[in-house]
Structures are given as C-alpha cells and as structure tokens.
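Each chain is listed here by its residues.
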Amino acid sequence: VVNQEVCSALLLGDYVNRTSSQSIPAHTANTGAHCPGGTAISCLAKFHKNSGLPVWGTPTPNIADLLTLDDGVLLVGADYLADSFDSVDIFSGVGALEGYGNMWQSKVGVNGEGVYVQPLLSERSFGGGMGITQDQNGNLFMTLYTTSPTAKLGPGAPGGWTIDLESNDVECEEDTLICEGLQRNILVKLGEETTPFCIASCGIGEEISVTPQTCFIDGMCYTAGESAIEIGLACMICDPTVSQTEWSPGPTIGVSACFIGTSCIPEGSPLEVRIGRYETAPSACTSCDPAVDPNGWTVAEGFFKPYLTAVPPDDCAVITASPTGVPIGSPTTKAPSTDAP
C-alpha cells in the first residue's frame, strides 16, 4: 500500500492520491528517463513500482521474451539484420545467407546498463523461436529452433558450444553455402556467466583484450585460420596477424573465389539479382573470374553492358562485327543524245 509513510521512506516527497487534482499520469512526468538513439527496434524500460514513474530506458534489438532476476533482466530475441547493443555488434548473414538473420541472448543490469550479449548461430541456415523461463529451483532455460544440422550456442567455450543434431535430411558439406533442412526445436539450460576462450580480459567501459591466435568478431570466438562460411563468407578467415576483431581475406581470393562488395563469390558464379524469396535472375555474361578481377565482376569476351544500370537478366548484349560495306562508285550522268529525233 502506497501512502505518505512509504513516500517519506523512499524519499519520494509528498504523497498525492491519484484522484487528487494535483495528480498526473506517469507517462507525462518529466523524469529524464528515455531510450536514447533512433535505430532501436525495441526499448526496455523500468518504471518505479510505487510511483509508476519511468526510471530508465535502454534501446535493444527486437525482444522476443524476457525474464527479471534480482540482479537484472535476461533478454532473448531474433532479427533479420545485424544488431547492435551499445558498443557491441553481432553478426548477420551476408551473400547467399543475406536476410537469414541472427539470434541472441543478453543481460541488462538493474540500472539499465548492458552486462553481456551472446549470439546464437544457426549455421548457414535460419533460426528463431526464442523464449526464456526459470523453474522453481532457479534454473534458467532458453528455447529456440534451427533449420541447420548444427548450431552454435554462445560465443565459445567454456560457456558456449556447438550442438550437432546429427540430422540426415540435408547434405551440409564443408563448402556448402546453405544448409537448410527441417525445423528442430532446442531446449537449452543456461549455466553460470563465464568468459569465452578468445577473451583475455574485459569489463564495463573497458576495451576487450583478445587472446593470442584467436579472433573475436561480431560477438563470436574463432581460432586462427577458421573461415566465416557459417555466416556466408567462405573466402574470409580469422587471421590474428591482420586483425583480431575483423574478418581478413583468405587464401582462396584471387585463386578460386572473388570478394565483391561484402560477398564471397565462387569462381565461375554469375552475377545474380534476387527477384523473390527463393528465386534469382542470373546474368548471361557477367561472372566471378578471380584471375581477371578478384574484387569485381568480369564481363565475358564477346559481350558488353548496353548501359551502366543494366541488371540481370537484361544486362548483356552481344558484340557484333562492324558491317562490311559494298564499295559504291561515283554516280555517272549520261550525256544527252545529239541525234535528231
């Protein structure tokens, strides 16, 4: 029960009954609490349990479910774009996996500060169906689904690991770009908060120190030489000698693959334009030729682009030989006859 005694104990000032002429709706109170930034999809906000006044707000990606704890709030969600949590970015599918999205689980402290975020990766496929709950013994459980035979739960050991569902409904070889099969639902038990193997040290407001011979890219741990095929970048690798926080060009670029824009293109693959969820229009003359241009499209010999904005399938024109002209002599004029009629 809220009364003057409670307000005084909490240093909230005078108690005002909601029927009083001095009372105002909580949403009109100017407490300075707001969700900063304009790119967030969701906003997690805290309101005072007695006064109803907003206390703080923090922008987040799309929230699917949440669970309140004594020391903060656990959040889970999924999106079809790369997501940002303050200064932390997590991956999104690119190239063949563009639009396949991501899943995540994070924690926000009691004062609205970010504590951690861990991505969940449905390798080379779709994932979603996020939910979180707690049983009567305090155990935390998370649900999700994947359409891939394997899924990465968390950024890396010891707190994260890869689950192999040993399914045989889809063939997923080492160089397969998309491994999309039947939907499989997963129940995961969350353990204690730990630091993944690729993080040497970190703290709120501190720069992350990455372990030697590893990379920490978009919230996930990778070992030296490991490729980014899981998110659609088969030609990019973790190369700690170049960068420990960004993908680096792999040895296949310029040999058997091109890196064009933000996509890895296998040699011989045509330029394609997406015209539907499962349909693309390929070019008849433009493809990846690593020997000619490892970072751009190559137009096949005998073709040209009729105009700069031409896109598949109407982007090619055949070069024809110049027409061979037939020599034309100078015109002659017949002299008028002098014979008398």
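Note that the coordinates shown come from a computational prediction; the quantities given were computed from them, not determined experimentally.

Peer 1: Would you explain the overall build of the chain in this entry?
Peer 2: The secondary structure content of the chain amounts to 1 helix and 27 strands. Counting across all 341 residues of the chain, residues that qualify as buried make up 35%. Put simply, 49% of the contacts in the chain that link residues at least 6 apart link residues at least 24 apart. Within the structure as shown, the chain displays about 20500 Å² of accessible surface, and the carbon and sulfur contribution to it stands at 53%.

Peer 1: Sorry if this is basic, but what is going on with the environment of valine 210 here?
Peer 2: If you trace the backbone, valine 210 turns up in strand S15 (residues 209-210). Judged by relative accessible area, which is 13%, valine 210 ranks as buried. When the C-alpha atoms of valine 210 and cysteine 221 are compared, they prove to be 9.4 Å apart, with 11 residues separating the residues in sequence.

Peer 1: Can you walk me through the sheet that holds strand S23 (residues 270-274) in this structure?
Peer 2: What holds strands together in a sheet is hydrogen bonding between their backbones, with the strands either parallel or antiparallel. Read across the sheet, 3 strands follow the order S23-S24-S25 without closing on themselves; strand pairing throughout is antiparallel. Of all strands in the sheet, those with a lone pairing partner are S23 and strand S25 (298-299), marking the two edges. Note: strand S24 (residues 280-287) against S25, 2 bridges, orientation antiparallel. Directly across from serine 287, in S25, lies its bridge partner threonine 298.

Peer 1: Just checking my understanding: could you explain the pattern of salt bridges for this structure?
Peer 2: Close approach of charged atoms allows side chains of opposite charge to pair. For the structure on display, the rule yields 2 salt bridges. In this structure, the salt-bridge partner of aspartate 71 is lysine 107, at a minimum N-O distance of 2.7 Å. Placement of aspartate 71 in the loop between strand S3 (63-69) and strand S4 (72-79) and of lysine 107 in strand S7 (residues 102-109) is noted, with a sequence separation of 36 residues between them. Given the relative accessible area of 43%, aspartate 71 is considered partly exposed. Here glutamate 193 and lysine 107 are joined by a salt bridge, their closest N and O atoms 2.9 Å apart. Taken as a pair, glutamate 193 in the loop between strand S13 (184-190) and strand S14 (199-201) and lysine 107 in strand S7 lie far apart in primary sequence, 86 residues in all. Exposure remark for glutamate 193: the relative accessible area of 52% places this residue in the exposed category. Residues joined by salt bridges that share partners form a network here, namely Asp71, Lys107 and Glu193.

Peer 1: Even after reading the chapter, I still don't get the pairing of strand S8 (residues 114-122), so can you show me in this structure?
Peer 2: Regular strands show a simple pattern: their side chains alternate between the two faces of the sheet. In terms of strand pairing, S7 meets S8 through 6 bridges, oriented antiparallel. Paired with valine 108 across the two strands is glycine 114, which belongs to S8. Between S7 and S8, which pair antiparallel one after the other, the connecting turn spans 4 residues, and glycine 112 there sits at a positive phi close to 90 degrees. Where S8 and strand S11 (residues 150-153) come together, 3 bridges link them in antiparallel fashion. Within the sheet, the bridge partner assigned to leucine 120 lies in S11 and is leucine 153.

Peer 1: Quick question: what am I supposed to make of the state of the cysteines here?
Peer 2: Two cysteines joined by a covalent bond between their sulfur atoms form a disulfide. If you walk through the whole model with that rule in mind, you get 5 disulfides. The partner cysteine of cysteine 258 in its disulfide is cysteine 288, sulfur to sulfur 2.2 Å. One quick way to see it: the torsion about the S-S bond of cysteine 258 and cysteine 288 is about 90 degrees, and its sign makes the bridge right-handed. Taken as a pair, cysteine 258 in strand S21 (residues 257-260) and cysteine 288 in the loop between S24 and S25 lie far apart in primary sequence, 30 residues in all.

Peer 1: What's the story with the sheet that holds strand S18 (residues 227-228) in this structure? I'm lost.
Peer 2: Reading across the sheet, the 3 strands line up as S18-S19-S20 and stay open at both edges, with antiparallel pairing between neighbours. Every interior strand has two partners, whereas the edge strands, S18 and strand S20 (248-249), have only one. Where S18 and strand S19 (residues 233-237) come together, 2 bridges link them in antiparallel fashion. Directly across from alanine 228, in S19, lies its bridge partner leucine 233.

Each value, and the rule that gives it
Residues numbered from 1 in each chain as written. Predicted model: local features only at pLDDT ≥ 70, side-chain atom pairs only at ≥ 80, totals over all residues. Heavy atoms only, no water. Helix = DSSP H or I, 4+ residues; strand = E, 2+ residues; numbered from the N terminus. Buried < 20%, exposed > 50% of the residue type's maximum accessible area, 1.4 Å probe, protein only. Contact = heavy atoms within 4.5 Å. Areas by Shrake-Rupley, 256 points an atom, 1.4 Å probe, with all protein chains shown as cover. Pairing = 2+ DSSP bridges. Salt bridge = Lys/Arg side-chain N within 4 Å of Asp/Glu carboxyl O. Disulfide = S-S within 2.5 Å.

These values are about where atoms sit, not about what they do.
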